[in-house]
Amino acid sequence: FPFSISSSNSEELIRISAKKSGDFTSYNLPKTNVGDKVYLYGPYGKFGEKYLFEKKDMLWVAGGIGVTPFLSMLKYEDLSKNNKIDFIWSCKDEKDVIYDKEIKEIIKNKNDVNYRLWLSNDLGRLSAGDILQLFEVKENLTNKLIFICGPNQMMMEIANQFIKIGVKPRNIIFEDFNLI
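Residues numbered from 1 in each chain as written. Predicted model: local features only at pLDDT ≥ 70, side-chain atom pairs only at ≥ 80, totals over all residues. Heavy atoms only, no water.

Caption draft 1: Structural context of the environment of Gly 66. Among the secondary structure elements, Gly 66 is positioned in the loop between strand E3 (58–63) and helix H3 (68–74). Taking the C-alpha atoms as reference points, Gly 66 and Cys 149, 83 residues apart in sequence, are found 4.7 Å from one another. (Helix = DSSP H or I, 4+ residues; strand = E, 2+ residues; numbered from the N terminus.)

Given below as structure tokens:
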């Protein structure tokens, strides 16, 4: 099963975040206790690679459990090397917002991170237009790196909306939780 590491490389413990979406994640995984032996393979993917090496302003778009890679990226010790990060997390409703307080605590002393929460049951599906309006970024959007992680349909829709308004596809980075 592909899970997301939501701790950073500077933390002593590895935290794994998973959405309850099947038998394993709903019944077996919650029975795991501190001290149990587990086998990990990976990590896989390069979602955060451009984050680590680029010095551009960034826009982070998370949908649901897709917030987890951003948690470890936020905790990265050299976060200040980036110019500015606009970060939006879209969830259905309040019961899904399990990391909101943690995010706010991590960024409370980081002036370069502008974070917003979007509740789709109240506000509707998140769109590129909503993001542009919230962060007032249209004039310099083409110079930003856009990181998107969430349900595939959400990622594709928002990416296509950004491309239609002039963002180059190479500036849009996706996280895909699927294993081949």
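Caption draft 2: Representation of the pairing of strand E5 (residues 113–119) within the structure. Where strand E4 (residues 85–91) and E5 come together, seven bridges link them in parallel fashion. When the bridges of E5 are listed, Trp 89 appears paired with Leu 117. Between E4 and its parallel partner E5, the chain crosses via helix H4 (residues 100–107), and the hand of that crossover is right-handed. (Pairing = 2+ DSSP bridges. Right-handed = clockwise from strand over helix to strand, strands pointing away.)

Caption draft 3: Summary view of the pattern of salt bridges. On inspection of all chains with the given rule, the structure shows seven salt bridges. Lys 75 is paired through a salt bridge with Glu 102; the nearest N and O atoms lie 3.0 Å apart. Of this pair, Lys 75 sits in the loop between H3 and E4 while Glu 102 sits in helix H4, and the two are 27 residues apart along the sequence. Its salt-bridge partner being Glu 157, residue Arg 125 comes within 3.1 Å of it at the nearest N-O pair. Taken as a pair, Arg 125 in the loop between helix H5 (120–123) and helix H6 (128–135) and Glu 157 in helix H7 (residues 152–164) lie far apart in primary sequence, 32 residues in all. Its relative accessible area of 54% is what places Arg 125 among the exposed residues. In this structure Glu 157 comes out as partly exposed when scored by relative accessible area, which is 30%. (Salt bridge = Lys/Arg side-chain N within 4 Å of Asp/Glu carboxyl O. Buried < 20%, exposed > 50% of the residue type's maximum accessible area, 1.4 Å probe, protein only.)

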